[in-house]
Amino acid sequence: MFDKLKELMGFAPAPDYNQMLKEGGVIVDVRTKAEYAGGHIKGSKNIPLSNLNTSPGIPKDKNKPIITCCASGMRSASAKSLLKSRGYTNVYNGGSWTGLNSKIGR
C-alpha cells in the first residue's frame, strides 16, 4: 500500500520504457491518423482515442506492457484510464510522443 501511495504522490521510480519494450511491450499512439502521419515513434501502433474501445489492435494479453502517448499527454492519460478500466494491468502514460521518443532513443 505504501508503494501505491508513493506512486499517487509522484514519488515512484520512473518507468523503464526500454525494458518494457524489450519484454514485448507496445507503444499505442492515441492521436488522430493525420497527427500520426505528421510524425510518430517508429514501431508504435496508431489507435486514435475515439477508436480505443473497438480496436482489434490492442493486445489481447492484459498483462502485456502498454505505453500510451499522444501530443501532450492528456489523451494518453485518458487512454491509460480506459485500458485500466478494461482490466489491463501494465499500462503507462508515456506523455507526449516526442518526449517518449527521446526517453527511449528511437
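Before any of the text, the structure's been laid out above.
These numbers were taken from a predicted model, which means no experiment stands behind them.

K.L.:
With reference to specific residues and values, describe the environment of Gly 87.
P.N.:
Within the secondary structure layout, Gly 87 lies in the loop between helix 4 (74-85) and strand 4 (91-96). A relative accessible area of 37% means that Gly 87 is categorised as partly exposed. On a C-alpha basis, the gap between Gly 87 and Lys 62 in space is 6.5 Å, while along the polypeptide they are 25 residues apart.

K.L.:
Can you explain the pairing of strand 1 (residues 26-29)? Please cite residues and give values.
P.N.:
Burial of the side chains of strand 1 extends over both faces: Val 26 and Val 28 are buried on one face and Ile 27 and Asp 29 on the other. Here 4 bridges tie strand 1 to strand 3 (residues 66-70), and the two strands are oriented parallel to one another. Residue Val 26 lies in a different strand from strand 3, and its bridge partner there is Ile 66. Direction of pairing for strand 1 relative to strand 2 (residues 45-46): parallel, over a ladder of 2 bridges. Opposite Val 28, over in strand 2, you have Lys 45 as the bridge partner.

K.L.:
Summarise the nonpolar core; cite the residues concerned and give the values.
P.N.:
Of all hydrophobic cores here, the largest spans 12 residues; its members are Val 26, Val 28, Val 30, Ile 47, Leu 52, Ile 58, Ile 66, Cys 70, Ala 79, Leu 83, Tyr 88 and Val 91. Looking at this core, the elements that each hand over two or more residues are strand 1, strand 3 and helix 4. Contacts of Leu 83, omitting those with residues within four sequence positions, involve Leu 52, Ile 58, Ile 66, Thr 68, Tyr 88 and Val 91. By size, the runner-up hydrophobic cluster in this structure holds 10 residues, among which are Leu 21, Ile 41, Ile 67 and Leu 100.

K.L.:
Hey, could you go over the environment of His 40 for me, with residue numbers and the actual values?
P.N.:
Mapped onto the elements of the fold, His 40 is located in the loop between helix 3 (33-37) and strand 2. Counting along the chain gives 61 residues from His 40 to Asn 101, while the straight-line C-alpha distance between them is 8.4 Å. Dropping the residues within four chain positions of it, His 40 is found in contact with Asp 29, Arg 31 and Trp 97. A polar contact of 3.0 Å, which involves the side chain of His 40, links it to the backbone oxygen of Tyr 36.

Cut-offs applied
- Residues numbered from 1 in each chain as written.
- Predicted model: local features only at pLDDT ≥ 70, side-chain atom pairs only at ≥ 80, totals over all residues.
- Heavy atoms only, no water.
- Helix = DSSP H or I, 4+ residues; strand = E, 2+ residues; numbered from the N terminus.
- Buried < 20%, exposed > 50% of the residue type's maximum accessible area, 1.4 Å probe, protein only.
- Pairing = 2+ DSSP bridges.
- Core = buried A, V, L, I, M, F, W, Y, C linked by side-chain atoms within 4.5 Å.
- Contact = heavy atoms within 4.5 Å.
- Polar contact = N/O pair within 3.5 Å; in protein donor to acceptor, adjacent residues only side chain to side chain.

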